[in-house]
Amino acid sequence: MTGADLEEVRPCLEGAIPAMMATAAPDGTPNVAYLSQVHYVDARHVALSFQFFNKTRQNLLAHPRSTLLVLNPLNAVFYRLHLRYLRTETQGPVFESMKAQLAGIASHTGMADVFRLLGSDIHEVLQVERLPQVPLAEALPPPRERPHPLGVLRRASTRLSAARSLGELLEAALDTLETELAMRHAMVLILDTATQGLYTIASRGYATSGVGSEIALGDGVIGVAARERTPVRIMHMASAYLYSRAMRDSLVDEGSGPPGTDIPYPGLAEPHSQLAVPLLSADRVLGVLFVEGHLDMQFSYEDEDLLVALGGQLGAAIDLMHEAEAPCDEAQPAQGAAAQAPVPGGPPLHVRHYRSNDSVFVNHTYLIKGVAGAILWKLLQDRQRHGRSEFTNRELRLDASLRLPDVADNLEARLWLLHRRLAEQCPQLRIQKTGRGCFRFDVFGPVELEEVAA
């Protein structure tokens, strides 16, 4: 046996292989139990999950010393940690992070009551022992090489800072994940403060983009990461964890508006690793950066650290897109019918708008709803009534009928969502950015408008 430090043990704390904890009763009777979570706190402390008032818990309260046996799944090396129980935390960042990880798993299994975290037991690590390596470890392949995280972060930062629009910003972030980190399945979601849900504005690596798909705050690892404001990383998931189930109908109001207003969630049917990082700016949650993969143990704690740093810059950049917005030249009046692009002939588009939830259907097929739907309906009406094709972000913000929130309206994200949905589902309608804070709305064909009050 040789000594080691806690940094060397961090790969053992991923939860792929349960840890074993040995405690002793006041009369000396030993007890061994498996643990759901061992959480790295810092170089001298770990946190263990407190879920049940069982024999282990009783022994700790009576005698605070314990021994923990953990295994590194990458090289089959065992470590023995000698611990001293200090306290139990029921709030704060350590507790919230552990609770979020358990809640993320529970949201897939329907076992929220079983996986409910009662507290985080903080232990001081008195000693770490590296046990003799078993012969099996010699046959294991070496861990895969990873790019240097600081180099990745520097290149990503350069790309993000050069972005001049939300679309360029999102592409830069997703390109970095795919090309630099081999994270081929990723998406960015934005928080809608009005509905307290998240909607997808960009994705990479899926058969369908899923732009506009929604998830409620607290559903799945994405919703939990946003609600708890902490990263959630799950490294080993059974095929029963069909994440799409958490998405379906998550934000549909029963009896409100027309049916069939769900956009299919694009996630993997059977992911084995997932990592969700909240996008924060000025202490506000703007959204979530999410990656997943087919392999167990695909994302390490180093990946989590890197995505938290990348997500911090991405969140701030999204927030600044409208703060730094330079208004278009207001001396130029909005263009009228004479400035519009020619309208080709052909069968008319039938656009139906439901006032109850601002959902929009084109030729009886669902397109979009919510604020983005209200924006589209305004653009169509202004074009039909006044022959307009040029618009500014500022006038949308001042239009009370759109019901934008007073703070963090994320108008750029809503316009990008609408732009992507039109490009994918209705190319006869097009939003084209003409400068920072202004855009053109083109209609290529005749349009019939219908509004439904219910």
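Here we summarise the structure given alongside this text. (Residues numbered from 1 in each chain as written. Predicted model: local features only at pLDDT ≥ 70, side-chain atom pairs only at ≥ 80, totals over all residues. Heavy atoms only, no water.)

Examining helix α2 (residues 55-62)
For α2, the full list of buried residues reads Thr56, Arg57, Asn59 and Leu60. Taken down its axis, α2 places every buried residue within 165° of arc, on the same side. The inward-facing, buried residues of α2 contact β2 (19-24), β3 (30-35), β5 (45-50), β6 (65-72), β7 (77-89) and β8 (119-130). (Buried < 20%, exposed > 50% of the residue type's maximum accessible area, 1.4 Å probe, protein only. Helix = DSSP H or I, 4+ residues; strand = E, 2+ residues; numbered from the N terminus. Arc of directions from axis to C-beta. Contact = heavy atoms within 4.5 Å.)

Quick word on the packing of aromatic side chains
For the structure on display, the rule yields three aromatic pairs. When the centroid spacing of 5.6 Å and the interplanar angle of 65° are considered together, the rings of Phe361 and Tyr366 count as edge-to-face. A residue is classified by how much of its surface remains accessible, and Phe361, at 10% relative accessible area, is buried. By relative accessible area, Tyr366 is classed as buried at 10%. Ring plane angle 20° and centroid distance 5.8 Å describe the contact between Phe391 and Phe439, whose orientation is recorded as stacked. On the criterion of sequence distance, the pair formed by Phe391 in strand β18 (residues 390-392) and Phe439 in strand β20 (residues 438-443) is long-range, its members being 48 residues apart. Under the relative-accessibility criterion, Phe391 is labelled buried at 1%. Following the ring pairs from residue to residue traces out a cluster consisting of Tyr354, Phe361 and Tyr366. Of note, Arg10 hangs over the ring of Tyr40, and the distance from its end group to the ring centre comes to 4.1 Å. (Phe/Tyr/Trp six-rings, centres within 6.5 Å; stacked < 30°, edge-to-face > 60°. Lys NZ or Arg CZ within 6 Å of the ring centre and 35° of its normal.)

Looking at the environment of Arg430
Among the structural elements, Arg430 can be located in strand β19 (residues 429-435). Here Arg430 falls in the partly exposed class, since its relative accessible area comes to 33%. Apart from residues no more than four positions distant in its own chain, Arg430 is found in contact with Leu422, Arg440, Phe441, Asp442 and Phe444. Side-chain polar atoms of Arg430 contact the side chain of Asp442, separated by 2.8 Å. (Polar contact = N/O pair within 3.5 Å; in protein donor to acceptor, adjacent residues only side chain to side chain.)

Some points on the pairing of β3
A regular strand places its side chains on the two faces of the sheet in alternate fashion. Here six bridges tie β2 to β3, and the two strands are oriented antiparallel to one another. Among the inter-strand pairings, Ala24 is bridged to a residue of β3, identified as Pro30. Counting the residues between successive antiparallel strands, the hairpin from β2 to β3 contains five residues, one of them, Gly28, with a positive phi of roughly 95°. (Pairing = 2+ DSSP bridges.)

Quick notes on the pattern of salt bridges
Scanning all chains against the criterion turns up 30 salt bridges. Residues Glu180 and Arg155 are paired through a salt bridge, measuring 2.7 Å at the closest nitrogen-oxygen approach. Here Glu180 is found in helix α6 (residues 166-181), whereas its partner Arg155 is found in helix α5 (residues 149-162), with 25 residues between them in sequence. Overall, the relative accessible area of 24% leaves Glu180 in the partly exposed class. (Salt bridge = Lys/Arg side-chain N within 4 Å of Asp/Glu carboxyl O.)

Quick look at the side chain of Glu228
Relative to the elements of secondary structure, Glu228 occurs in helix α7 (residues 220-228). On the basis of relative accessible area, Glu228 is assigned to the buried category, the value being 14%. There is a polar contact of 3.0 Å between the side chain of Glu228 and the side chain of Arg227.

Things to note about the sheet that holds strand β10 (residues 197-204)
The sheet built from six strands is open, its strands ordered β11-β10-β9-β14-β13-β12 with antiparallel pairing. If you trace the sheet from one side to the other, it starts and ends with β11 (214-216) and β12 (232-234), each paired once. The sheet shows a mean angle of 25° between the axes of neighbouring strands, taken without regard to direction. Taken together, the three bridges between β12 and strand β13 (residues 273-281) define a ladder with antiparallel strand orientation. (Axes fitted to C-alpha atoms, helices over the stretch in contact; angles between N-to-C directions.)

Things to note about unusual backbone geometry
Positioned with a positive phi, Gln196 is a non-glycine residue whose angle comes to about 55°. Its location among the elements puts Gln196 in the loop between β9 (185-192) and β10. For Gln196, a relative accessible area of 39% gives the class partly exposed.

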